[in-house]
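# Results of the structural survey
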Amino acid sequence: MLNIDIQKVSTPKAKPQPGDKLGFGHIFTDHMFLMNYAEGKGWFDPRIVPFQNLSLSPAAMVFHYGQEMFEGMKAYHSPDGRALLFRPEMNARRANVSNQRLCIPEVPEEDFIQAIRELVRVEKDWIPKDPGTSLYIRPFIIATDGFLGVAPSKTYLFVVILSPSGAYSESGMAPVGIWIEDDYVRAVRGGMGYTKTGGNYAASLIAQVKAHDAGYSQVLWLDGVERKYIEEVGAMNIFFKISGHLVTPALNGSILPGVTRDSVIKLCESWGLDVYEKRISVDELIDDYNMGRVEEIFGTGTAAVISPVGKLRYKDDIMVIGDGTTGPLSQRLYDTLTGIQWGTLPDPFGWTMEV
Ligand code: COI
C-alpha cells in the first residue's frame, strides 16, 4: 500500500465545458502522479503534484536508448455520479510484462492501481460527461540515469497524467481506410511487439506518413519475417467477420495483447459467436473478400474503442467493406462496451472498478 503525498494546485485550471470539442490527448488535468525508483532502494516517494514539466538530465537514458514503457486506460463518468475504471488489473499486469522485457523494475499491481485510483479521485471533476468522452489515463515509466553507456538504468520515474478526451479518430465511428504495409515492419517475434513501449510506435511513424499521404488513416502491419500474416493496426488490434465467424490474429509475441481485444472476444463468445484466434494471411483475406465472405472489419483499442474499417489497400488491390456505414456487429460491440464502461448497462463480467 502506497503512502501517497498529495500537493494540490492553488489555482485550478478552467475545465472543458459540456459541448466543448476535446479531441484526443491535447488537454491535461491539474495534477499528475510521480514515484521514483533507485536500485537498492526500490520505488519511493509516491506523490500527487501539480501538472508540470519534468526536469531531467539531457543524458537521461530514456532520451538515447528509449528505455521506457507506457499504458493506456480510461476513467468514465457514470450517470449516477461514479467514476469507473475498466479492467485496470489487466493494464497493471501488462505494464509489468512490458517492464520485464525492457529491464524496468516492476511496479506491484496493487500499487499501480492505487496510484491511478488516487489520482483520478483527485481529478474526478475533470472526467467529461458528454457522450463518447472519457478521461484518458497515461501511466508511463522512463529511465532517468544521466549516463551514455548502453545498460539498464539504475533509476526510474513512474508518471501518470490524465487527459479529458473524445474520440481517438477524428472521424469518430465513421469507417476508416487502412493501408496494408508490405515494406516496413513494426515488430518481429523475440522483439518488443507485445509490449507497450515508445520504440514500437516510433518504428511505425514512417509507414503511417506513407499511408496518410495515400489517403489512408492507419497502417495494418504484416508479420516481420514473411510479410504475409496480418498482425495489428498502429493503435489497435484487428478483427474480421468472415462468413458469420469472428477472426483475429493470434497473440504470437509480436502483437499487443489489447484489453479491448480480450473484452471483444469474451463478449462475442457470450453472444454465441464463434471466435477464432489464428494466423491470417493477407492472401487468405483477399480470397475471402473476392468470394464475398468478408462481412465486417474493425479495430479495437482503449483509445479507439471500436473503429470500423471501410476500405483496405494492399499493393494495388483495394477492398471496400460494407456500404460505408458502421456494420451491425461493430455497432453492437461499441454500444455494449461503452455501456458497460459508462455504467449505463449491466456489467456481467465484473469489468468495472469504482475509483
Ligand atoms: C491506447 O489505445 O490506449 C493506446 O495506447 C494507443 C495509442 C498509441 C493511442
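No experiment lies behind these values; they were computed from the predicted model shown.

### Quick notes on the pairing of strand β15 (residues 294-301)
The buried fraction of β15 amounts to seven of the eight residues, a majority that puts the element mostly inside the structure. Pairing of strand β12 (residues 237-242) with β15 involves six bridges; the strand directions are antiparallel. Note that in β15 the partner of I242 across the bridge is V294. Across four bridges, β15 lies against strand β16 (residues 305-314) in antiparallel orientation. Looking at β16, one finds that F298 is bridged to P308. The antiparallel pairing of β15 with β16 creates a hairpin that spans three residues between the two strands.

### Observations regarding the packing of aromatic side chains
Pairs of aromatic rings are described using the distance from one ring centre to the other and the angle between the two planes. Under the definition given, this model contains 14 aromatic pairs. For the pair F24 and Y136, a centre-to-centre distance of 4.8 Å together with 70 degrees between the ring planes defines the contact as edge-to-face. With F24 in the loop between β1 (5-6) and β2 (31-38) and Y136 in strand β7 (residues 134-143), this residue pair connects regions lying 112 residues apart in the sequence. The interplanar angle of 10 degrees and the centroid separation of 5.4 Å between the aromatic rings of F28 and F51 together place this pair among those described as stacked. A residue pair is termed long-range when its members are at least 10 positions apart, and F28 in the loop between β1 and β2 and F51 in the loop between β3 (42-50) and α1 (61-65) qualify at 23 residues. Stacked on the ring of Y229, the Lys or Arg R279 has its end atom at 3.9 Å from the ring centre. Residue placement shows R332 over the ring face of W271; its charged tip is 3.7 Å from the ring centre.

### Considerations on the packing of helix α5 (residues 259-270) against helix α7 (residues 328-341)
One can describe the packing of α5 onto α7 by two numbers: an axis separation of 11 Å at closest approach and a directional angle of 110 degrees. In this view, α5 runs roughly perpendicular relative to α7, as classed from their interaxial angle. Mapping the contact onto sequence places T260, S263, V264, L267 and C268 in α5 and L329, L333, T336, L337 and I340 in α7.

### Observations concerning the domain arrangement of the protein
Quoted interface sizes are often the accessible area lost when the parts come together. Taken domain by domain, the protein holds domain 1 (5-166) and domain 2 (176-343). Computed over C-alpha atoms, the centres of domain 1 and domain 2 are 27 Å apart. Taken together, the contact between domain 1 and domain 2 spans 26 residues of the former and 25 residues of the latter. Both sides of the domain 1 and domain 2 interface together cover about 2100 Å² of buried area, and 60% of this is carbon and sulfur. It is F86, R94 and R101 in domain 1 that bury the most area against domain 2; as a group they hold 29% of the surface buried on that side. Where domain 1 meets domain 2, there are one salt bridge. The salt bridge involving R87 is made with D262; its shortest N-O contact spans 2.9 Å. Inspection of the region where domain 1 meets domain 2 yields 13 residue pairs in polar contact (both at pLDDT 80 or more). Of all elements in the fold, only β4 (68-70), β5 (73-77), β6 (83-86) and α2 (88-101) reach the threshold of two or more residues within the side of domain 1 that touches domain 2. Among the elements that line the side of domain 1 that touches domain 2, the one with the most residues is α2, at six residues.

### Some points on unusual backbone geometry
Note: most peptide bonds trans; most residues except glycine with negative phi. A positive phi angle, near 50 degrees, is found at R87, a position not held by glycine. In this structure, R87 sits in the loop between β6 and α2. Classification of R87 by relative accessible area gives buried; the value is 6%. Phi at C103 is positive, roughly 60 degrees, even though this residue is not glycine. Among the secondary structure elements, C103 is positioned in the loop between α2 and α3 (109-122).

### Some thoughts on the site of the ligand
Taken together, F70, G72, Y136, R138, Y168, K196, Y201, A235, T302 and A303 are the residues near the ligand. Between the ligand and the protein, one listed contact pairs an oxygen atom with a side-chain N or O atom of K196 at 2.9 Å. T302 places a main-chain nitrogen or oxygen 3.3 Å from an oxygen atom of the ligand. Within the complex, 91% of the 280 Å² of free accessible area of the ligand lies under protein. Tallied by class, the residues present in the shell around the ligand amount to six nonpolar, two polar and two charged. A domain split of the shell around the ligand shows at least three residues from each of domain 1 (5-166) and domain 2 (176-343).

### What to know about α7
Taking 1.5 Å as the rise per residue, α7 with 14 residues should run 20 Å; its terminal C-alpha atoms sit 20 Å apart, in good agreement. Most of α7 is tucked away: 10 of the 14 residues are buried. In the segment just after α7, G343 is the residue with positive phi, at about 75 degrees.

### Thoughts on the pairing of β16
Burial analysis of β16 places eight of its 10 residues in the buried class, the great majority of the element. Of the strand pairs in this sheet, strand β9 (residues 176-181) and β16 are connected by five bridges, and their pairing is parallel. Note that in β16 the partner of I178 across the bridge is L312. As judged from the four bridges shared by β16 and strand β17 (residues 317-320), these two strands associate in the antiparallel manner. If you follow R313 over to β17, its bridge partner there is I318. Hairpin connection from β16 to β17: two residues lie between these consecutive antiparallel strands, with K315 at a positive phi of about 50 degrees.

Basis of the calculations
- Residues numbered from 1 in each chain as written.
- Predicted model: local features only at pLDDT ≥ 70, side-chain atom pairs only at ≥ 80, totals over all residues.
- Heavy atoms only, no water.
- Buried < 20%, exposed > 50% of the residue type's maximum accessible area, 1.4 Å probe, protein only.
- Helix = DSSP H or I, 4+ residues; strand = E, 2+ residues; numbered from the N terminus.
- Pairing = 2+ DSSP bridges.
- Phe/Tyr/Trp six-rings, centres within 6.5 Å; stacked < 30°, edge-to-face > 60°.
- Lys NZ or Arg CZ within 6 Å of the ring centre and 35° of its normal.
- Axes fitted to C-alpha atoms, helices over the stretch in contact; angles between N-to-C directions.
- Parallel < 35°, antiparallel > 145°, perpendicular 65-115°, else oblique.
- Contact = heavy atoms within 4.5 Å.
- Domains from an automatic or database assignment.
- Buried area = accessible area lost by both parts, 1.4 Å probe.
- Salt bridge = Lys/Arg side-chain N within 4 Å of Asp/Glu carboxyl O.
- Polar contact = N/O pair within 3.5 Å; in protein donor to acceptor, adjacent residues only side chain to side chain.
- Near = heavy atom within 4 Å.
- Areas by Shrake-Rupley, 256 points an atom, 1.4 Å probe, with all protein chains shown as cover.
- Nonpolar A, V, L, I, M, F, W, Y, C, P; charged D, E, K, R; others polar.
- Expected span 1.5 Å × (residues − 1).

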